[in-house]
Amino acid sequence: MSYIDNEILERLIGTMIEGFARIEKKLDQMNRLKECMNGDRLLDNVDLAELLGVSQRTLARYRQEGKIKYYSVEKNGKSFYLASEIQSFLLQRGKNIVNNK
């Protein structure tokens, strides 16, 4: 019967833990779409910027110019968007990429 050196075992366990951390981070990113009370989906800046293929600065400009409707949390100033409202925004521009179901 062969035994694994403690140092090798510790490195293997460390690698596994890092892998699980990466998986957890990816799952968090995938779960950023949150259910709203009315069944609509809530997007944050990261989600929407990725979805639209624009920078977060561009989203800030859209908000400032009143092009997109958003909701802000007073406590941390974070902005959120309803997927249905973003769908309307895109339809006005001839695009249809958000599926809020």
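Residues numbered from 1 in each chain as written. Predicted model: local features only at pLDDT ≥ 70, side-chain atom pairs only at ≥ 80, totals over all residues. Heavy atoms only, no water.

Going by what an unreviewed UniProt entry lists, the protein chain is known as Helix-turn-helix domain-containing protein and is assigned to Phocaeicola plebeius.

A. Broad picture of the packing of helix α2 (residues 45-52) against helix α3 (residues 56-64). Close contact between α2 and α3 brings their axes to 9 Å; oriented N to C, the two are set at 100 degrees. With respect to α3, the axis of α2 lies roughly perpendicular. Here α2 contributes Asn45, Val46, Leu48, Ala49 and Leu52 to the contact with α3, which in turn contributes Gln56, Leu59 and Arg63. Broken down by class, the residue content of the contact of α2 with α3 amounts to five nonpolar, two polar and one charged. (Axes fitted to C-alpha atoms, helices over the stretch in contact; angles between N-to-C directions. Helix = DSSP H or I, 4+ residues; strand = E, 2+ residues; numbered from the N terminus. Parallel < 35°, antiparallel > 145°, perpendicular 65-115°, else oblique. Contact = heavy atoms within 4.5 Å. Nonpolar A, V, L, I, M, F, W, Y, C, P; charged D, E, K, R; others polar.)

B. Representation of helix α4 (residues 83-92) within the structure. Looking only at α4, the buried set comprises Ala83, Ile86, Gln87, Phe89 and Leu90. Down the axis of α4, the buried side of the element spans an arc of 160 degrees, and every buried residue falls inside it. In this fold, the buried residues of α4 make contact with β2 (41-44), α2, α3 and β4 (79-82). Following α4 by one or two positions, Gly94 has its phi on the positive side, about 80 degrees. (Buried < 20%, exposed > 50% of the residue type's maximum accessible area, 1.4 Å probe, protein only. Arc of directions from axis to C-beta.)

C. Just the pairing of β4, in detail. Of the two faces of β4, both are covered, the one formed by Ser79 and Tyr81 as well as the one formed by Phe80 and Leu82. Pairing of β2 with β4, which is carried by three bridges, proceeds in the antiparallel orientation. Residue Leu43 lies in a different strand from β4, and its bridge partner there is Tyr81. In textbook terms, the turn of a hairpin is the stretch between consecutive antiparallel strands, and for strand β3 (residues 71-72) and β4 this stretch comprises six residues, one of which, Gly77, has a positive phi near 75 degrees. (Pairing = 2+ DSSP bridges.)

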